[in-house]
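Summary of structural features
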Amino acid sequence: MEINSLLIKEVRAKFPTHAVRGEEEEYTGQGCEYLWSCDPVDGTAQFARGVGVSVFSLALVIDGEPVVGVVLDPFTNSLYWAAKGKGAYKNGERIYVSKTNFGDEGSMSNYCGVPNLSTAVFNIYDAIVELRQNGYFVNIGSCVRACMAVAEGAYNLQLFPNTTAHDVASAKIIVTEAGGIVTDLFGEKQRYDRDIKGAIVCNKVVFKQVLDCVKKNLNQ
């Protein structure tokens, strides 16, 4: 039985008024104020090829806002979690975003191609070309895993150019509780119980530069 099916079964039994949205399967309960957003394998293509970057992601979203997030990286045996107002943690240890700017030693950023930039809903290619003039960009192939790298200070930025909320919902609460910033690609707050307008996931140092660059290039 698929993970989403197991989750739906448990939610229907214990919380019949809650809804479940995920990549493979969805369930709409009697009301949608409470929503469980699940991505059972974020980084499917990499998982199918034996590349160890895929993660399990789950968030509880109340009235559009993620309030609890859990991410499991089985390849490094790492459990990330956060709850609103409680901080963010990795294997029980508090984690924080970095204070690294573009060009600083150790600076690294990630963009999510999904599956490549040419098919993304929002064309962030020109923004990445501009930003990477001063920073090192990679694409590890898992949006949520890259967001966890932001949360623990290994990356300073993750850009997501698509509309699927389950790719960002858990990261929204975990990165925010780690001291970072998560907005849509236009710098606005957004709901995670519906399609989103991409995402900027980053530390506070690079946010303004990233936002200005993305908005400029998207509005061309």
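Just so you know, these numbers come straight off a predicted model, no measurement behind them.

Moving on, we get to unusual backbone geometry. Within the chain, Asn-77 stands out as a residue other than glycine whose phi angle is a positive 55 degrees. Structurally, Asn-77 is set in the loop between β4 (65-73) and β5 (78-83). One non-glycine residue, Asn-91, lies in the positive phi region at around 50 degrees. With respect to the helices and strands, Asn-91 occurs in the loop between β6 (87-90) and β7 (93-94).

The next thing to look at is the state of the cysteines. Two cysteines whose sulfur atoms are joined by a covalent bond form what is called a disulfide. Enumeration over the complete set of coordinates arrives at zero disulfides. Free of any disulfide, Cys-213 has its nearest neighbouring cysteine sulfur in Cys-202, separated by 12 Å. The exposure class assigned to Cys-213 is buried, which follows from its relative accessible area of 4%.

A few words now on the side chain of Arg-145. Within the fold, Arg-145 resides in helix α4 (residues 143-151). On the basis of relative accessible area, Arg-145 is assigned to the buried category, the value being 16%. With near-sequence residues (within four places) excluded, Arg-145 lies in contact with Asp-42, Val-53, Val-55, Asp-73, Tyr-80, Ile-140 and Glu-152.

Reading guide: rules and limits
- Residues numbered from 1 in each chain as written.
- Predicted model: local features only at pLDDT ≥ 70, side-chain atom pairs only at ≥ 80, totals over all residues.
- Heavy atoms only, no water.
- Helix = DSSP H or I, 4+ residues; strand = E, 2+ residues; numbered from the N terminus.
- Disulfide = S-S within 2.5 Å.
- Buried < 20%, exposed > 50% of the residue type's maximum accessible area, 1.4 Å probe, protein only.
- Contact = heavy atoms within 4.5 Å.

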